[in-house]
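What follows is each chain in one-letter form.
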Amino acid sequence: MAYDLIVRNGTVIDGSGLPRYRADIAVAGGRIASIGRISERAEEEIDAEGQVVAPGFIDLHTHMDAQVFWDPLGTSSCYHGVTSVVMGNCGFTLAPSREGARELVVRNLERAEDIAADAMDAGIDWCFESFREYVEALERLPKGINYAPCLGHSALRTYVMGERAFEELATDDDLKAMRAELRDGLRAGAVGFTTSRTLNHQTADDRPVASRLAAWDEVCALVDVMREENTGVFEIANEDVMGEQVPPYIDRLLDLAVSCGRPMTWGIGSSRRLPGGYRSWTDGLERIARAGGRAFGLVHARQFSVVLSFRTHLPFDALPVWSELRARPLAEQAAALRDPQTRKRLVEVAKHGPYAKAVGAEARKPDYDWVFPLLDPVAQGPSVREIAAQRGADPDETFLDLALESDLEGMFLQPFANEDPDIVLELMRNPRTVVTFSDSGAHVSQIMDSSIPTHVLAHWTREREALTLEEAVRMLTFEPASAWGFADRGLLREGMAADLVVFDPARVAPRMPEVVTDLPGGCKRLLQKADGFAASVVGGRAVLRDGEPTGANPGRVLRTGAGA
């Protein structure tokens, strides 16, 4: 048999959780054709001696709907072994959207997901209106990795209701039109329907995004289309309920899960401000399962953290005195911080505000017990307050000193959830959760969580030894593929899609993030690469070798159940 690719001499960890073994893997026509000792030759060969060969990693929570138009590889995710992504989460998609009213979907995305309007304007080919036309546009685009699109509630509302979507409940006619467009979108290839009801999602003018105006009956009527079509996953960014409010809210989710018969998912994290609060949400997953519904939680692999830096965002940016300073070039900012009188005014304002309420991944008023210099991409060092105590200095002054010591190039992490690593590990191990939640494509200058897979491999597997490699790979491959219904991915088996990664388990790790200006229109974003990957293969073709793009674009638009 003629093979397109053979990966030789590797240690296969196949995604199932079963023990590793030595084998070659041969690929033909984008599928795994043979696993064993293979004597034939292939057009392309990869020597994986001393390396692990695993299925390509799958990320179920991204916002690459816009980025795919200018970045076929889905950076930074691709650098961390990700070969397939689900996009369009939280109700935020580019389609459906009407010509002449594109600003409505941009309004939903600009602040809630930190995707610059200028980048979208410069980078998107708005050659679509309906979701079906958007999927057709995706098919035509070059794609280095695989993209699975969801249809978002906020876009659906603005498509049907226009400006009223930000102000009113839907009428019967509105709902009829939304149901029709959703049905057509599901038939065209949408792998799910997503919505948001959280206060964390606001527009740039401090209004709720469109989906938050919807009555619960509207949500149920739209999810019911998925029941009728018997396809797709329902993803929700949940209402901001706490304590005794959670069980009755879960009752609503339970009723919907049972009535629609489709899988349901939402994000779960923990907070130092509400110890044990996450258990109401994991208990909710169990309640839904006992009642006959299907639900799974999306969980992170470390703290949720905002990245702070003088090159991107600081908690002080909108404060008096600071806002004028932050508009200057970095060299002038550094000079001002070294001027005693200017610095005194800046520190005084930094201490007392006035601070606005942070939304989503925006920088928060600093609590220096929970602000950390980013010196290592995996390990966390002492906090700014601890460093200040060692120096016998004020924490605000220490923050500025640390920034100046790096010529304002240094970064800081400001965790806002998942502060307790033991709880993070508990959530990762929960049998009804999936490790994912990178938000890649969104919050592009605020967070950098595309490195979840390499953090799992470097920290939880190699350094902490809390997971075996088999467990870690299963978390990143078979579990997300199974949860979302990608039947031909997440395992290395003959006949499965030939998406795989080759990496050195002793070296694999994220690199330090950097600030780049490679978005359309020259907009900034955070970029993070990784070490330890010999190759990433999509559809049987290497798209990265030793971390560098090969120029191949074999990616596909994925559809639930059918895979590619």
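To be clear, the structure that these remarks concern was listed above.
In what follows, the accompanying structure is described. Just so we're clear, the structure is a prediction, and the values are computed from it rather than from any experiment.

## What about the environment of Gly56?
If you trace the backbone, Gly56 turns up in the loop between β5 (52-55) and β6 (57-62). The sequence separation of Gly56 and Glu113 amounts to 57 residues, and the corresponding C-alpha distance is 26 Å. Among residues more than four places away in sequence, those in contact with Gly56 are Gly81, Thr83, Leu476, Thr477, Asp499, Leu500 and Val501.

## Observations regarding the sheet that holds β6
Hydrogen bonds between backbone groups are what pair the strands of a sheet, and the pairing can be parallel or antiparallel. Reading across the sheet, the three strands line up as β6-β7-β8 and stay open at both edges, with parallel pairing between neighbours. The sheet terminates laterally at β6 and β8 (146-149), the two strands that pair on one side only. Neighbouring strand axes in the sheet, compared pairwise and without regard to direction, differ in orientation by 20 degrees on average. Bridge count between strand β7 (residues 82-87) and β8: four bridges; the pairing is parallel.

## Focus on the side chain of Ser76
Along the polypeptide, Ser76 turns up in the loop between β6 and β7. On the basis of relative accessibility, which here comes to 2%, the residue Ser76 falls in the buried class. At 3.0 Å, the side chain of Ser76 and the backbone nitrogen of Gln528 are in polar contact.

## Overview of the sheet that holds strand β9 (residues 151-152)
Reading across the sheet, the six strands line up as β9-β10-β11-β12-β13-β17 and stay open at both edges, with parallel pairing between neighbours. The outermost strands of the open sheet, each flanked by one partner alone, are β9 and β17 (433-435). Sheet topology note: the strand β10 (residues 192-196)/strand β11 (residues 233-237) ladder contains five bridges and is parallel. Residue pairing across strands places Ser196 opposite Ala237, the latter belonging to β11. Contacts from helix α7 (residues 246-260) reach β11 and β12 (264-267), with the element oriented near 150 degrees to β12.

Analysis parameters
Residues numbered from 1 in each chain as written. Predicted model: local features only at pLDDT ≥ 70, side-chain atom pairs only at ≥ 80, totals over all residues. Heavy atoms only, no water. Helix = DSSP H or I, 4+ residues; strand = E, 2+ residues; numbered from the N terminus. Contact = heavy atoms within 4.5 Å. Pairing = 2+ DSSP bridges. Axes fitted to C-alpha atoms, helices over the stretch in contact; angles between N-to-C directions. Buried < 20%, exposed > 50% of the residue type's maximum accessible area, 1.4 Å probe, protein only. Polar contact = N/O pair within 3.5 Å; in protein donor to acceptor, adjacent residues only side chain to side chain.

These values are about where atoms sit, not about what they do.
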